[in-house]
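Here is what each chain is made of, one letter per residue.
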Amino acid sequence: MNIINILALYAWTCGLLLSLCHGDTISIPSNCIGLSDGYYYLKLIDNDEYPIIYAKCSNEYLILDPSIDDDIKSYFNSFEMYHHSVAGPSNQYPINWEDWFLPNNDNMDDESEMEHDAHYVISPDCGTCDIAHNRQLYDEKTVYMMTGSMFGCFWNDKHEH
């Protein structure tokens, strides 16, 4: 974490503790819908087994970067580092994004509902999402095959989030 992220975490923690001391309830968003672009603390699945993560929202899409918050890994059914900046699902079986990313399956009654609910776009510049970008080959079903590093977004080297 860089110093700005550490200071933001400190400020948020101090505000949270002060609010809790006064009996206030803190609402933590579960997605980026309705949020301005920027970094947020999010609880993607409403279950105590899953942690609050720190991630970036861009145009109401969530940018997942495990170099910013290691807990992001817990929201996948498997997560292996193949290289210091390349990650993906376990090689034990093939999987697609809709099955790999666990929040897609949270509270879904059937597969057809999930197909309409999950939207994906890539972040060609590693820090913003734009559905109109010419690299969104499949509209809101465009994904990286593994991680952004396959397309030049090296987490540990670029840090342009």
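Residues numbered from 1 in each chain as written. Predicted model: local features only at pLDDT ≥ 70, side-chain atom pairs only at ≥ 80, totals over all residues. Heavy atoms only, no water.

Caption draft 1: Looking closely at the pattern of salt bridges. Applying the stated criterion to the full structure yields two salt bridges. A salt bridge links K73 to D70; the nearest nitrogen and oxygen atoms lie 2.8 Å apart. You can call K73 partly exposed: its relative accessible area is 26%. Look at D70 and you get partly exposed, because its relative accessible area is 48%. Ionic pairing is found between K141 and E98, a salt bridge with its closest N-O pair at 2.6 Å. In this pair, K141 sits in the loop between α3 (111-117) and α4 (155-158) while E98 sits in helix α2 (residues 97-100), placing the two residues 43 residues apart along the sequence. The class of K141 is partly exposed, set by a relative accessible area of 37%. Overall, E98 belongs to the buried group, its relative accessible area being 15%. (Salt bridge = Lys/Arg side-chain N within 4 Å of Asp/Glu carboxyl O. Buried < 20%, exposed > 50% of the residue type's maximum accessible area, 1.4 Å probe, protein only. Helix = DSSP H or I, 4+ residues; strand = E, 2+ residues; numbered from the N terminus.)

Caption draft 2: Region of the structure containing the packing of aromatic side chains. Per the stated rule, a full pass over the model turns up 11 aromatic pairs. Geometrically, the ring pair formed by F76 and F101 is tilted, given 5.2 Å between the ring centres and 45° between the ring planes. With a gap of 25 residues between them, F76 in the loop between β3 (61-63) and β4 (80-83) and F101 in the loop between α2 and α3 connect regions that are remote in the sequence. Members of the aromatic cluster, joined through ring pairs, are F76, F79, W97, W100, F101 and Y120. (Phe/Tyr/Trp six-rings, centres within 6.5 Å; stacked < 30°, edge-to-face > 60°.)

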